[in-house]
Amino acid sequence: SQQGEEDPQALSIQEGENATMNCSYKTSINNLQWYRQNSGRGLVHLILIRSNEREKHSGRLRVTLDTSKKSSSLLITASRAADTASYFCATDRGGYQKVTFGTGTKLQVIP
Amino acid sequence: GAGVSQTPSNKVTEKGKYVELRCDPISGHTALYWYRQSLGQGPEFLIYFQGTGAADDSGLPNDRFFAVRPEGSVSTLKIQRTERGDSAVYLCASSLIQGASYNEQFFGPGTRLTVL
């Protein structure tokens, strides 16, 4: 079963614009991560935020986490055509980190 | 170094047949995970190995699915009497478990299984 739901399901923007994706989840978590997937394969880990953190940055990525609302957002600034991919949030409850993925946002960046 | 590899990259089979999907994790990674991803969905957890043993197989959909990791490295996911609903991309991931802290899972490219 899917733990999280991403919103929107699909997003199309012009190169240079910012892209914001949201994730909502159902149960308490230890960590929340964002992954990128190109062409239905090859999940790549982007960033992890722990449940006691509220915001994290990595390059052009900014992630926020609101545990009271059980939601997270991923902001990609100054988007590039190469950012075109599906983005998934994934949560774990600690321990061996069984990871539960959301349904994904399909991002298209138009050159 | 080499990442997680999976073979075959594509597998087409007929309904009712048996298939085996292989995963070679990153050398030294003690934890190995199998996920299944249907079209338009996120990956769904199937099974987790710590070393040679399956620590959590709660995601396996039914007893037609079985996975082994006999020497704590390579793993094989086995599907008996395949059904059309088994068609999906099967993803493998590995991670280096160190205590209770989080360790990133590294994913392979997946095996696309098509059951006709």
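Conventions and cut-offs
Residues numbered from 1 in each chain as written. Chains lettered and ligands numbered in written order. Predicted model: local features only at pLDDT ≥ 70, side-chain atom pairs only at ≥ 80, totals over all residues. Heavy atoms only, no water. Helix = DSSP H or I, 4+ residues; strand = E, 2+ residues; numbered from the N terminus. Rg over C-alpha atoms; globule rule 2.2 N^0.38 Å. Buried < 20%, exposed > 50% of the residue type's maximum accessible area, 1.4 Å probe, protein only. Contact = heavy atoms within 4.5 Å. Areas by Shrake-Rupley, 256 points an atom, 1.4 Å probe, with all protein chains shown as cover. Lys, Arg positive; Asp, Glu negative; His and termini not counted. Charge placed at Lys NZ, Arg CZ, Asp CG, Glu CD. Buried area = accessible area lost by both parts, 1.4 Å probe. Salt bridge = Lys/Arg side-chain N within 4 Å of Asp/Glu carboxyl O. Polar contact = N/O pair within 3.5 Å; in protein donor to acceptor, adjacent residues only side chain to side chain. Nonpolar A, V, L, I, M, F, W, Y, C, P; charged D, E, K, R; others polar. Pairing = 2+ DSSP bridges. Axes fitted to C-alpha atoms, helices over the stretch in contact; angles between N-to-C directions. Core = buried A, V, L, I, M, F, W, Y, C linked by side-chain atoms within 4.5 Å. pLDDT = per-residue confidence, 0-100.

Engineer: How would you explain the overall build of chain A if you had to name every residue and give the values?
Structural biologist: Counting its secondary structure elements, chain A contains 0 helices and 11 strands. Secondary structure of chain A in N-to-C order comes out as β-β-β-β-β-β-β-β-β-β-β. In terms of overall size, chain A behaves like a compact globule, its C-alpha atoms giving a radius of gyration of 13 Å where 111 residues would be expected to give roughly 13 Å. Projected onto its principal axes, the C-alpha positions of chain A cover 40 × 25 × 20 Å. Considering chain A as a whole, with its 111 residues, one finds that 47% of them fall into the buried category. Within chain A, contacts between residues at least 6 apart in sequence are counted, and of these 55% link residues at least 24 apart. Roughly 5200 Å² of accessible area belongs to chain A as shown, and the carbon and sulfur atoms make up 45% of that amount. Where the 14 positive side-chain charges of chain A centre and where its 10 negative ones centre are 6 Å apart.

Engineer: Kindly report on the interface of chain B and chain A, identifying the contributing residues and their values.
Structural biologist: In this complex, chain B contributes 28 residues to the contact, which on the side of chain A involves 22 residues. A buried area of about 2000 Å², summed over both sides, lies between chain B and chain A, and 47% of it is on carbon and sulfur atoms. At the boundary of chain B with chain A, the tally comes to 0 salt bridges. There are 1 residue pair in polar contact (both at pLDDT 80 or more) connecting chain B and chain A. Only β4 (31-37), β5 (44-50) and β9 (88-95) of chain B provide two or more residues apiece to the side of chain B that touches chain A. Of the residues in the side of chain B that touches chain A, the class split is 12 nonpolar, 12 polar and 4 charged.

Engineer: Can you explain the sheet that holds strand β3 (residues 19-25) of chain A? Please cite residues and give values.
Structural biologist: Residues and elements named next belong to chain A. The antiparallel open sheet is built from 5 strands, whose spatial order is β1-β3-β8-β7-β6. The open sheet terminates on both sides in strands that have one partner only, identified here as β1 (4-7) and β6 (55-58). Strand-to-strand, the axes of this sheet are offset by a mean angle of 15°, without reference to chain direction. Note: β6 against strand β7 (residues 61-66), 4 bridges, orientation antiparallel. In the strand pairing of β7, H57 is matched with R62.

Engineer: Any chance you could break down the nonpolar core for me, citing the residues and the numbers?
Structural biologist: Of all hydrophobic cores here, the largest spans 21 residues; its most connected members are M21, L32, W34, L74, I76, Y87 and L107 of chain A. Elements represented by at least two residues in this core include exactly β3, β4 (31-38), β5 (41-50), β7, β8 (71-76), β9 (85-92) and β11 (105-110) of chain A. Looking at this core element by element, the count peaks at 4 residues for β3 of chain A. Contacts of M21 of chain A, omitting those with residues within four sequence positions, involve D7, W34, S72, S73, L74, I76, Y87, T105 and L107 of chain A. Membership of the second largest hydrophobic core comes to 20 residues, among which are V19, W34, L60 and Y90 of chain B.

Engineer: If you had to explain the confidence of the model for chain A to someone new, which residues and values would you point to?
Structural biologist: Within chain A, residue pLDDT values average 90, and 93% of them lie at 70 or more. When mean pLDDT is compared element by element in chain A, β7 of chain A scores highest at 98, while β1 of chain A scores lowest at 80.

Engineer: Got a sec to walk through unusual backbone geometry? Specific residues and values, please.
Structural biologist: The step from D7 of chain A to P8 of chain A runs through a cis peptide bond, and the omega angle for that step is 0°. As for its placement among the helices and strands, P8 of chain A is situated in the loop between β1 and β2 (10-14). In this chain, T7 of chain B is followed by P8 of chain B through a cis amide linkage whose omega measures -10°. The phi dihedral of K70 of chain A is positive, around 50°, even though this residue is not glycine. Summarising the element assignment, K70 of chain A is placed in the loop between β7 and β8. Overall, the relative accessible area of 30% leaves K70 of chain A in the partly exposed class. In this model, A78 of chain A sits at a positive phi of 45°, which is unusual for a non-glycine residue. Turning to its location among the elements, A78 of chain A is positioned in the loop between β8 and β9.

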